[in-house]
Amino acid sequence: MAVRERGGRSDTETQPLCLQFTKTVTARETATPRDSLLRPSDLAEWLAAAGLGGRPPGLDEELLREARELRESIYRAARAVADAQEMAEADRDRINDWAGRNDAFRVLDGAGVNWRFPGSSPARSALAVVAGDAVDTLGGLRVGTIKVCAGTGCVAVFLDATRGRFRRWCSMSTCGNRAKKDAMRVRGAQ
């Protein structure tokens, strides 16, 4: 169910699908956040890359708007969990509502495990899978601790499932690597 980066294994592969979905917005706390879901085709591409079927039909501007609302509810709820705060009722209700729409199921086939979306809107069903993953992740059914990335300028949420819960960055290949390079520069300048 993970979105993989090109060129090999990504440390986002171990992240829950719902938290990967929140990373479709970067630079959240800047004056110009970057949203990678600008068109319905962007959402279709993300769902396919996330392993939620092929490029689902029936994606329109309305569903894109709803998907963005779901994504932001998941993000705010994850931030609340990371900050040991109560999540907003509206966010919890939106996540629960979407999770309750799930008519998808996983099947074994010749290629391994795949999703089946028997309902009339495979894209809505795929988003319901994301919401169900949020219920499991934010409700504590997954082993780990929800954290906010300590990387400079990054406020992505991630699940720290390491044994000692010492992970600090959403991704070692980006934020972690950047922090290590910055530390080396500081040590070299002294």
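Residues numbered from 1 in each chain as written. Predicted model: local features only at pLDDT ≥ 70, side-chain atom pairs only at ≥ 80, totals over all residues. Heavy atoms only, no water.

Some remarks on the packing of helix H2 (residues 40-49) against helix H5 (residues 122-138)
H5 packs onto H2 with a crossing angle of 55 degrees between their chain directions and a minimal axis gap of 11 Å. When the interaxial angle is binned, H2 and H5 end up oblique. The chirality of how H2 crosses H5 is left-handed. Here H2 contributes Leu 43, Trp 46 and Leu 47 to the contact with H5, which in turn contributes Ala 123, Ala 126, Leu 127 and Val 130. Partitioning the contact of H2 with H5 into residue classes produces seven nonpolar, no polar and no charged. (Axes fitted to C-alpha atoms, helices over the stretch in contact; angles between N-to-C directions. Helix = DSSP H or I, 4+ residues; strand = E, 2+ residues; numbered from the N terminus. Parallel < 35°, antiparallel > 145°, perpendicular 65-115°, else oblique. Left-handed = near helix turned anticlockwise from the far one by under 90°. Contact = heavy atoms within 4.5 Å. Nonpolar A, V, L, I, M, F, W, Y, C, P; charged D, E, K, R; others polar.)

A word on H5
Look at H5: 24 Å from first C-alpha to last across 17 residues, which is about the 24 Å you get at 1.5 Å a residue. H5 sits mainly inside the fold: 13 of its 17 residues count as buried. Positive phi shows up at Gly 140, right after H5, with a value of about 85 degrees. (Expected span 1.5 Å × (residues − 1). Buried < 20%, exposed > 50% of the residue type's maximum accessible area, 1.4 Å probe, protein only.)

A look at the pattern of salt bridges
Inspection of the entire model under this criterion finds 16 salt bridges. The partner of Arg 71 in a salt bridge is Glu 72, and the shortest N-O contact between them spans 2.8 Å. Here Arg 71 matches Glu 72 in class, with each residue buried. The partner of Arg 142 in a salt bridge is Asp 133, and the shortest N-O contact between them spans 1.9 Å. (Salt bridge = Lys/Arg side-chain N within 4 Å of Asp/Glu carboxyl O.)

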